[in-house]
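Reading the structure
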Amino acid sequence: MKAMEGTAYDAALRADREQTILQHMPLVKRIAHGVAAAVPRHVDAADLVSAGMLGLIRAVDAFDPGRGTRFESFASQYVRGAVYDHLRAQDPLPYSTRVKVRRVERTAASLSQTLKRTPTPVEIAAEIGSTPEDVVDLLDTAARVPLYSIEELLERSDSLPEEIDESKLDPLGEVEQREVEALVMRWIEELPRNERLVLALYYHEQLKMKEIGAVLGVTESRVSQIRTAAVAALRARLCVTLGFGDDS
């Protein structure tokens, strides 16, 4: 008799657990879609919902009603944490490295305007108290990773209201894509001649570094330095425009 009662009790608990999960699926979808609207479009909202569901299940299993906490508030933390963990796993660059990249980009942009030419890694390193080797590594990294980090985007989504206008949450904010492209083209025109030429030959003519070096009469490594510093300068200006990269 006791075994039967225990089985019935367990079945009731499982049914209650499943009901709680089903009841709070809209919460998961609201959080997942809200975050998806604030991150790059290639991120699949369905993946975020799946991650959020795992967070909801953990919340159901960990919740203690005796503590006086509302389940919705408790579950929201678990769901958002699971969604964030999923996104962080997709970011190709650790946040600490991203901060260093930002600093090098800002310094490269500032020196480029002051010197009216592309700064060398030695000049950038002297400005930030680093080594030329580290600067080269960070400039190369900057040229290979997305403009913004998942962490920066998540910080933005943390402050989003519950009711979200998804049309206003593109990573470019209120700046339309075409306006950004026109802005970048204008900035490129403001670059020193060698930088403009390197970018044109590399990205439009698709010449190799060695071939560009022959055109300019400089070494292949110098062409690489010019390209990465020019890209860093453009990225730094774009970060300021889009509201990213305020790390100190």
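Look up: the structure comes first, before these words.
Given the structure is predicted, the values throughout are model-derived calculations rather than measurements. (Residues numbered from 1 in each chain as written. Predicted model: local features only at pLDDT ≥ 70, side-chain atom pairs only at ≥ 80, totals over all residues. Heavy atoms only, no water.)

Here we take up the packing of helix 2 (residues 25–36) against helix 3 (residues 45–62). The contact between helix 2 and helix 3 brings their axes to 8 Å, and the two run at 135 degrees. Considering the angle they form, helix 2 stands oblique to helix 3. Both helix 2 and helix 3 take part in a crossing whose hand is right-handed. Where helix 2 abuts helix 3, its residues Met25, Val28, Lys29, Ala32, His33, Val35 and Ala36 lie against Ala45, Leu48, Val49, Gly52, Met53 and Leu56. Looking at the contact of helix 2 with helix 3 residue by residue, the class counts come to 10 nonpolar, two polar and one charged. (Axes fitted to C-alpha atoms, helices over the stretch in contact; angles between N-to-C directions. Helix = DSSP H or I, 4+ residues; strand = E, 2+ residues; numbered from the N terminus. Parallel < 35°, antiparallel > 145°, perpendicular 65-115°, else oblique. Left-handed = near helix turned anticlockwise from the far one by under 90°. Contact = heavy atoms within 4.5 Å. Nonpolar A, V, L, I, M, F, W, Y, C, P; charged D, E, K, R; others polar.)

So, about the pattern of salt bridges. This structure, assessed with the given rule, holds three salt bridges. The closest approach of N and O atoms between Asp61 and Arg17, which form a salt bridge, is 2.7 Å. You can see Asp61 sitting in helix 3 and its partner Arg17 sitting in helix 1 (residues 2–23), a full 44 residues away along the chain. Classification of Asp61 as partly exposed rests on a relative accessible area of 48%. (Salt bridge = Lys/Arg side-chain N within 4 Å of Asp/Glu carboxyl O. Buried < 20%, exposed > 50% of the residue type's maximum accessible area, 1.4 Å probe, protein only.)

Another point: unusual backbone geometry. Even without being glycine, Gln206 reaches a positive phi, approximately 55 degrees. Summarising the element assignment, Gln206 is placed in the loop between helix 10 (193–204) and helix 11 (209–216).

Moving on, we get to helix 3. For helix 3, spanning 18 residues, the distance from its first C-alpha to its last is 25 Å, which sits close to the expected 26 Å at 1.5 Å a residue. Of the residues making up helix 3, those classed as buried are Ala45, Leu48, Val49, Ala51, Gly52, Met53, Gly55, Leu56, Ala59 and Val60. N-cap assignment for helix 3: the residue whose side-chain oxygen lies 2.9 Å from the backbone N of Ala46 is Asp44. (Expected span 1.5 Å × (residues − 1). Polar contact = N/O pair within 3.5 Å; in protein donor to acceptor, adjacent residues only side chain to side chain.)

What follows concerns the packing of aromatic side chains. Applying the stated criterion to the full structure yields three aromatic pairs. Where Phe63 meets Phe71, the ring centres are 5.1 Å apart and the plane angle is 80 degrees; that geometry is what we call edge-to-face. Residue Phe63 is classed as partly exposed on the basis of its relative accessible area of 23%. Using a relative accessible area of 10% as the deciding quantity, one classes Phe71 as buried. Grouped by ring-pair contacts, the aromatic residues Phe63, Phe71, Phe74 and Tyr78 constitute a single cluster. Between the NZ or CZ atom of Arg227 and the centre of the ring of Tyr202, over which it lies, the distance is 4.7 Å. (Phe/Tyr/Trp six-rings, centres within 6.5 Å; stacked < 30°, edge-to-face > 60°. Lys NZ or Arg CZ within 6 Å of the ring centre and 35° of its normal.)

Coordinates in, geometry out; function isn't part of it.
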